[in-house]
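Listed below, chain by chain, are the residues.
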Amino acid sequence: MSSKRTAPTGERRPIKRARKTVPRTPARGIKADPGETSPSIKNNNNSDEKSLRTEFINLFSKSQFRRGISNPQLKNLFGHEKFLRLAPIINSLTHLSRLSISKSAQDDELLYNLVSDAVASKFAGLDATARMVYQVIEKSENMGIWTKDIKYQTSIPQQALNKIYKSLEGRKLIKPVKAVTAKQKKLYMLYDLVPAKEITGGPWYTTELEFDHEFISELRKFVIICVKQLNKGKGVTLKEIAKKMEEANISRVPLNLQEVQQLMQTLAFDYLIEPLGVDRNKEVMFISARKVTTNCEFKSWEVLAPDFHFRDIEYEDDVVLKAHEPHYHTA
């Protein structure tokens with residue numbers, strides 16, 4: 001017979017409860033599990049990341065980085081350790097369309113440019129191909145880029161490009177522009193840019209890209225009046241004429257010195273004004289052109305007359321009119 005007692009049927013045995021194990025704090029001098037991060041350390045990391053993000057964004061407000069900042073420049077500014085921590089920040093800003101990435105034309109380095117919140121909201125939902133088209137157009141600046149060049153650089157089919165153009169135009173990111181040299185063709189540039197004068201023709205062309213003969217004729221007449229009346233007709237400089245035109249508000253658009261000089265050159269080529277010499281400031285002075293007589297009107301004794309002489313005419317753009325027809329009489 002076995003001495004072991006068996007519980008009668010229906011009798012329950014008491015269940016032994018396991019003791020609770022209380023976690024022990026590590027002893028002094030023993031490092032805790034590196035996998036466990038305390039909340040205070042996490043908060044410090046978040047604070048450091050925000051500080052680094054703010055420092056990175058503030059770089060773009062400096063004048064030397066307004067055209068972009070490259071990876072070597074970031075590494076020099078932040079050091080190797082901080083530079084490595086910039087990677088998730090750059091990825092986050094790029095994902096939010098707050099950062100644009102392009103290549104430098106000089107050394108082929110990547111350049112980061114900060115995008116404003118207003119512009120970033122316009123990029124929301126654009127796919128990679130649309131962003132690529134935008135970046136190609138952005139590089140052309142105020143000269144714009146022809147549609148055929150966009151197709152060549154992106155290798156995107158024309159039908160897909162047309163949809164991208166429509167989408168970018170609807171978001172007011174790009175705009176179509178026509179050039180005076182090719183009115184039937186279309187080029188694109190960024191929406192907020194003003195086209196270069198090489199594209200629009202400057203002040204000498206209308207909004208319909210037609211040469212404005214009437215406007216130029218009025219300006220030429222005003223310049224001739226200035227030459228005859230200012231300084232009693234004894235000579236007037238380019239700057240004096242430009243100042244008088246600005247005061248009289250004769251032009252519908254502001255004209256710079258180069259554009260006023262173009263007007264002066266047309267008058268000089270038409271023998272309506274001529275250079276007299278230079279003033280004390282070495283500025284060229286202009287006077288009304290003296291009487292022009294063609295060679296066929298001369299007689300032999302007129303050629304030998306003591307008050308007749310030949311002379312060369314030299315203009316500011318180094319164009320020299322040699323002593324040939326037409327010749328000038330002295331007063």
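The rules behind the values
Residues numbered from 1 in each chain as written. Predicted model: local features only at pLDDT ≥ 70, side-chain atom pairs only at ≥ 80, totals over all residues. Heavy atoms only, no water. Phe/Tyr/Trp six-rings, centres within 6.5 Å; stacked < 30°, edge-to-face > 60°. Helix = DSSP H or I, 4+ residues; strand = E, 2+ residues; numbered from the N terminus. Buried < 20%, exposed > 50% of the residue type's maximum accessible area, 1.4 Å probe, protein only. Pairing = 2+ DSSP bridges. pLDDT = per-residue confidence, 0-100. Contact = heavy atoms within 4.5 Å. Axes fitted to C-alpha atoms, helices over the stretch in contact; angles between N-to-C directions. Parallel < 35°, antiparallel > 145°, perpendicular 65-115°, else oblique. Left-handed = near helix turned anticlockwise from the far one by under 90°. Nonpolar A, V, L, I, M, F, W, Y, C, P; charged D, E, K, R; others polar. Expected span 1.5 Å × (residues − 1). Arc of directions from axis to C-beta.

Draft legend 1. Highlighting the packing of aromatic side chains. Counted under the stated rule, the structure contains five aromatic pairs. When the centroid spacing of 4.7 Å and the interplanar angle of 90° are considered together, the rings of Phe 123 and Tyr 134 count as edge-to-face. You can see Phe 123 sitting in helix H3 (residues 117-123) and its partner Tyr 134 sitting in helix H4 (residues 128-139), a full eleven residues away along the chain. In this pair, the class of Phe 123 matches that of Tyr 134, namely buried. Between Trp 204 and Phe 215 the ring centres are 6.5 Å apart and the planes differ by 35°, which places this aromatic pair in the tilted class. Here Trp 204, found in the loop between helix H7 (197-200) and helix H8 (213-229), pairs with Phe 215, found in helix H8; they are eleven residues apart in sequence, far enough to count as distant. An identical accessibility class is assigned to Trp 204 and Phe 215; each is buried.

Draft legend 2. Seen up close, the pairing of strand S6 (residues 182-190). Here strand S4 (residues 145-146) runs beside S6; their pairing, made up of two bridges, is antiparallel. Looking across to S6, one finds that Ile 145 is bridged to Tyr 188. For strand S5 (residues 174-179) and S6, the ladder comprises five bridges, and the chain directions are antiparallel. Directly across from Lys 175, in S6, lies its bridge partner Met 189. Linking S5 back to S6 in an antiparallel pair, the connection comprises two residues.

Draft legend 3. Quick look at the confidence of the model for the chain. Averaged over all residues, the pLDDT of the chain equals 78, while 75% of them reach at least 70. Taken as a whole, residues 325-331 scores under 50 in pLDDT and shows 26 contacts with residues more than four places along the chain or in a different chain.

Draft legend 4. Geometry of the packing of H4 against helix H5 (residues 147-154). Running from N to C, H4 and H5 point in directions that differ by 125°, and their axes come no closer than 10 Å. Taken together, the axes of H4 and H5 lie oblique to each other. Handedness of the H4/H5 crossing: right-handed. Between H4 and H5, the residues in contact are Met 132, Val 133, Val 136 and Ile 137 and Ile 150, Gln 153 and Thr 154, respectively. Here the contact of H4 with H5 is built from residues that sort into five nonpolar, two polar and no charged.

Draft legend 5. View of helix H6 (residues 158-170). Relative to the 18 Å expected for 13 residues at 1.5 Å per residue, H6 spans 18 Å between its end C-alpha atoms, a close match to the ideal helical length. Among all positions of H6, only Leu 161, Ile 164, Tyr 165 and Leu 168 are buried. The arc enclosing the buried residues of H6, seen along the axis, measures out at 105°, which places them on a common side. For H6, exposure combined with an orientation more than 90 degrees from the buried face picks out Gln 159, Lys 163, Lys 166 and Gly 170. Looking one or two places after H6, you find Lys 172, whose phi comes out positive at around 60°.

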